[in-house]
Each structure stands twice: as C-alpha cells, then as structure tokens.
Amino acid sequence: MEENHLFPVFFKLHRLHVLVVGGGNIGLEKTNAMLENCPQATITVVALDFLPELVSLTHQYPNITLVQKSFSCGDLLGKDLVIAATNIKEFNYYVWEKAKGNRVLINVADTPELCDFYLGSIVRKGNLKIAISTNGKSPTMAKRLKQVLQEAIPDSIDEILNKLAVIRDRLAGDFSSKVKELNNITDVLVKSDKEKS
Ligand SMILES: C[C@@]1(CC(=O)O)C2=NC(=C\c3[nH]c(c(CCC(=O)O)c3CC(=O)O)Cc3[nH]c(c(CC(=O)O)c3CCC(=O)O)/C=C3\N/C(=C\2)[C@@H](CCC(=O)O)[C@]3(C)CC(=O)O)/[C@H]1CCC(=O)O
Ligand SMILES: NC(=O)c1ccc[n+]([C@@H]2O[C@H](COP(=O)([O-])OP(=O)(O)OC[C@H]3O[C@@H](n4cnc5c(N)ncnc54)[C@H](O)[C@@H]3O)[C@@H](O)[C@H]2O)c1
C-alpha cells in the first residue's frame, strides 16, 4: 500500500501572520477555513479584486486585512505562511519563487508539487480537532470523511475531555505514575466488551 508521508501539525494562527494571494473562490475558501478554526488568525489578503464574501469577513473578524493590488515581493515581509491562490498558474509560480527566496512556507493552491504544506479537512468537537489528508489524492474524499466523523463522534466527547483535563491537573506524583493513572482511567475506552466483563 502507498503511504502518506505528510506530517500533521496544529498551527496557532493568532501568533502567525498568513498572506493569501488571490481574493476569489479559493482565496475565500482557504481564508474561511483558517478563520473558522481560529477566529483570531492574522491574515492579509492581497488581490486585484475580492469576492464580496471576503469583504464581509473583515466586518466579522478583527485581524483580517484586504489589500487591493498586484502581489509584490514586499508583501512577504513579516509573513510566516503564504497561500498562493490566483487563477494564473504562472503567477502562482512567481509567488512561490519569491516565498522560497524569503524562506516563507507556501501552499500553492493549483500545484500540489510546489506546496510545503496542505490544508486538511477538519472535524471539530469542542476542544477535539481531527485533521484529515488524502495525500492530495481526493479532497472530496477528505470532505466526506469529515462529514461522517462529525456525525459519528458524540458532542459529549468534549465533556469527557474536560473531566480528564481536571483529573490530569489534580494528579500528583512523578510523570510515569501520572501516565499510568491516566491510562488506567481511560482503559475502558479501548477494551473490548469481552475484556470488560
Ligand atoms: C481538504 C480541503 C481543505 C481546504 O481547502 O480547506 C482541501 N481541498 C478541499 C476541497 C476541494 N478541493 C478541490 C475540490 C474539487 C473536487 C476535487 O478535486 O476533489 C474540493 C471539494 C469541494 O470543494 O467540494 C479541488 C482541488 N484541490 C486541490 C487541487 C489541486 C490539484 O489537485 O492539482 C484541486 C483541483 C483544482 C482544479 O481542478 O482546478 C489541492 C488540494 N486541496 C487540498 C485541501 C489539499 C489536499 C488535501 C488532502 O490531502 O486531501 C491540496 C493538495 C492543497 C491545498 O489546497 O491545501 C478542502 C475540503 C474542505 C472541507 O473539509 O469541506
Ligand atoms: N486547492 C484547492 O482546494 C483548489 C480547489 C479548486 C481550485 N483550485 C485552483 O485555485 C485557483 C484559483 O481559483 P479561484 O476560483 O479562486 O479563481 P478566481 O478567478 O475566483 O480568483 C482569482 C483571484 O486571483 C486574483 N489575482 C489575479 N492576479 C493577481 C495578481 N497579480 N496579484 C494578486 N491577485 C491576483 C484575482 O484578483 C482574484 O481575486 C485555480 O487555479 C484553481 O485551479 C484549488
């Protein structure tokens, strides 16, 4: 079986500054995905024109800025991540060249081979978050799987998580005894019915 060699990480986007180049459907989709996950995300969108939905987002979220202009190298100053999402492949390549020259990580929406990272499809239940990737093979499959998991995981999982967090904070002792105790408490989640009886 082929393997997926991507390594998932969870960015704190309110501590980073993201540049999105392109204000059309994909610029909007990626910006929305970031803001839904992190309403305090700091995002600058540079584009020749913007969909009205992007303009609306600026009224809803404090840290998103739209700049109407053609992308230029100076836009990379102070940015940590870039998403190139114009409708012109050669121009996205130009943005990639500039980002790499400045050692800024970049996602090029129409060219997976140029991406340093992919956006995942995200399941969200309170504090729990699961990111799905199909290795770029089928974003549609990632979206569908997200919908299945979103339904299948009960909302009550967040209560359990919060209770475990309280127990985790209260546990005294050294690291290994804490790990042992937390594993004992949660054993029930992984034991089969036969093992439990
Ligand atoms: C998961 C999600 C996250 C997000 O965007 O937030 C995401 N794409 C989503 C949706 C989606 N994208 C596309 C369709 C149309 C149907 C189809 O093609 O399947 C749909 C479905 C729809 O919209 O219904 C088209 C498409 N996507 C890419 C290309 C370029 C190419 O493959 O060459 C093209 C062709 C463009 C063209 O033909 O012009 C590339 C990428 N899309 C990725 C992520 C990365 C791989 C993730 C993975 O490993 O699975 C990667 C590699 C890079 C990236 O974008 O980060 C989001 C689901 C949101 C949700 O959960 O609801
Ligand atoms: N990764 C994904 O999930 C995914 C999904 C579908 C499509 N795509 C790809 O994304 C690309 C963008 O699609 P779209 O529907 O958003 O296009 P679009 O036509 O709706 O928007 C293009 C945007 O790019 C901007 N732009 C063009 N030249 C620019 C420049 N010099 N400087 C700054 N901004 C500039 C325009 O002003 C516009 O806002 C397409 O090439 C498509 O193949 C990616």
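Residues numbered from 1 in each chain as written. Chains lettered and ligands numbered in written order. Predicted model: local features only at pLDDT ≥ 70, side-chain atom pairs only at ≥ 80, totals over all residues. Heavy atoms only, no water.

Going by an unreviewed UniProt entry, the protein chain carries the name precorrin-2 dehydrogenase and comes from Chitinophaga silvatica. UniProt lists a comment for the protein chain under the heading Catalytic activity (unreviewed entry), and it reads "precorrin-2 + NAD(+) = sirohydrochlorin + NADH + 2 H(+)". A UniProt comment under Pathway (unreviewed entry) is attached to the protein chain, and it reads "Porphyrin-containing compound metabolism; siroheme biosynthesis; sirohydrochlorin from precorrin-2: step 1/1." (UniProt positions renumbered as here; feature names shortened; annotations may be inferred.)

Notes on the packing of helix α1 (residues 25-37) against helix α2 (residues 52-60)
One way to put it is that α1 packs onto α2 with a least axis distance of 10 Å and a crossing angle of 25°. On the basis of the axis angle, α1 is roughly parallel to α2. Note on packing geometry: the crossing formed by α1 with α2 is left-handed. Seen from α1, the contacting residues are L28, T31, N32 and L35; seen from α2, they are E53, L54 and L57. In terms of residue class, the contact of α1 with α2 is built from four nonpolar, two polar and one charged. (Axes fitted to C-alpha atoms, helices over the stretch in contact; angles between N-to-C directions. Helix = DSSP H or I, 4+ residues; strand = E, 2+ residues; numbered from the N terminus. Parallel < 35°, antiparallel > 145°, perpendicular 65-115°, else oblique. Left-handed = near helix turned anticlockwise from the far one by under 90°. Contact = heavy atoms within 4.5 Å. Nonpolar A, V, L, I, M, F, W, Y, C, P; charged D, E, K, R; others polar.)

Side note on the domain arrangement of the protein chain
Its domain assignment divides the protein chain into domain 1 (17-118), domain 2 (120-153) and domain 3 (157-196). Summarising the inter-unit geometry, the C-alpha centres of domain 1 and domain 2 are found 22 Å apart. (Domains from an automatic or database assignment.)

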